[in-house]
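A structural walkthrough
The chain contents come next:
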Amino acid sequence: MSTVHLSSTTAPVNIAVVKYWGKRDPTLNLPTNSSISVTLSQDDLRAWTTASCSQDFPEDRMWLNGEERSTTDDKRLLACLKELRSLRTRVEQEDGTLPKLSGMGLHIASENNFPTAAGLASSAAGFAALVRAVADLYKLPSSRTELSRIARQGSGSACRSLFGGYVAWEMGTREDGSDSQAVQVAEADHWPTMKACILVASAQKKDVSSTSGMQSTTKTSLLFRERIERVVPDRMARMTEAIRARDFSTFAELTMRDSNGFHAVCLDTYPPIFYMNDVSRAVVRLVEHINGQAGETVCAYTYDAGPNTVIYYLRENEARVLSFVKGAVSATTRGADGLSEQTAASVPDVLAQ
Ligand code: ADP
Ligand code: DP6
Ligand code: CO
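Residues numbered from 1 in each chain as written. Chains lettered and ligands numbered in written order. Predicted model: local features only at pLDDT ≥ 70, side-chain atom pairs only at ≥ 80, totals over all residues. Heavy atoms only, no water.

The next point concerns the overall build of the protein. If you tally the helices and strands in the protein, you get nine helices and 16 strands. Taking 20 Å as the expected radius of gyration for a compact globule of 353 residues, we find that the protein reaches 20 Å, a close match to that expectation. Taking all 353 residues of the protein together, the buried fraction comes to 54%. Summarising the internal contacts of the protein: among those between residues at least 6 apart in sequence, 72% fall at separations of at least 24. Counting every atom, the protein has about 15,600 Å² of accessible surface; 50% of that belongs to carbon and sulfur. For the protein, the distance from the average position of its 38 positive side-chain charges to the average position of its 41 negative side-chain charges is 2 Å. (Helix = DSSP H or I, 4+ residues; strand = E, 2+ residues; numbered from the N terminus. Rg over C-alpha atoms; globule rule 2.2 N^0.38 Å. Buried < 20%, exposed > 50% of the residue type's maximum accessible area, 1.4 Å probe, protein only. Contact = heavy atoms within 4.5 Å. Areas by Shrake-Rupley, 256 points an atom, 1.4 Å probe, with all protein chains shown as cover. Lys, Arg positive; Asp, Glu negative; His and termini not counted. Charge placed at Lys NZ, Arg CZ, Asp CG, Glu CD.)

Structure follows, in structure tokens:
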């Protein structure tokens, strides 16, 4: 039996505060707007991926959460693997003594420790981990920026998970996508007291994937043009400034407005797409209640393409935010500093009362 070459890595999820929604080029995964996110601690929500290759592997195979998935019709996965292989081929051409890994089949196994395809950025953590695992296996000299351009082709949001802290995905202008990549706006320790609390309203796979949801939005929504042309460019600039200035109330207002605007565009899609549900809407009201009681904005909700809430808040406000949240829902807190805490009851149970 031949040698099996192997490499494992993890990648964290990132939750956008100015959201990516829409592709100007679906093949290269080029977005219609720039976006910005916070990368959460990988001690908490993460994808864990092992990539291996061997002369004995005749074909590429992939397992996600223990189940094998076909690789042959997965164009985005194939695009990532093609780019990584051609980079390895270049490395092998430069150093003729290296094993010819580029000609071997790849076996990739990945597991998420949180709900997959439920609006908690599994595709972001998943493709970031996949690209990093194969790049490590191939010992590629590529920078994180270069890897972000490859991960982007797997899932757009994945490009941001290659970096920690506050990360922008610059949409770029070039047709070949060579300037559509992630850029770190600030390290996590620039604002070390930032925390996130995740409320799982449903761990079920969503009905409409992010890919197909944004495809129908770009085709049918009239509000969408307003969002990408007028709303997001200004919001990106203001969000970047709020992060640099550690201005939580501006960060929070922009985050909540962007989540609301994104879900409004989903509703304006024809036929409409509903990612938020009654539980999500109850949590919006809860956050408004907490801020009202505090007399200032101490927490912000945001929803990706799913019903589950991420609440951002600062550590100094943890007690007052979580005392309300724990009273109402099941909470798992996540922080850039790796602190975490968990409680028991479930969102639908409590909010249904
Ligand atoms: P989410 O809101 O969780 O990101 P998406 O609809 O964007 O949901 O993407 C879900 C898809 O991402 C999955 O069906 C799968 O194809 C891919 N994915 C999720 N996790 C991983 C992973 N760990 N490795 C590779 N691909 C993954
Ligand atoms: C609402 O990156 O999952 O989470 O590129 O088609 O894989 P694909 O879509 P994906 O979309 C993420 C949408 C979002 C907002 C965001 O993360 O910016
Ligand atoms: Co996704």
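Our next topic: the site of ligand 1. Residues in contact with ligand 1 amount to 19 residues; listed here are only the nearest, R69, S110, N112, S122 and K206. Between an oxygen atom of ligand 1 and a side-chain N or O atom of S123, the distance comes to 3.0 Å. Note that an oxygen atom of ligand 1 is positioned 2.7 Å from one of the side-chain N or O atoms of K206. Here ligand 1 has 570 Å² of accessible area as a free molecule, and 87% of this is covered by the chains. Per-element tally for the shell around ligand 1: the top contributor is helix α2 (residues 122-137), with four residues. (Near = heavy atom within 4 Å. Polar contact = N/O pair within 3.5 Å; in protein donor to acceptor, adjacent residues only side chain to side chain.)

This part is about the site of ligand 2. Taken together, 18 residues form the shell around ligand 2, and within it Y20, K23, S155, G156 and S157 come nearest. Here an oxygen atom of ligand 2 and a side-chain polar atom of D304 are 3.1 Å apart. Its free accessible area being 460 Å², ligand 2 has 95% of it covered by the protein chains. When residues in the shell around ligand 2 are grouped by element, the largest group, three residues, is from helix α4 (residues 210-220). Here the shell around ligand 2 is built from residues that sort into six nonpolar, seven polar and five charged. (Nonpolar A, V, L, I, M, F, W, Y, C, P; charged D, E, K, R; others polar.)

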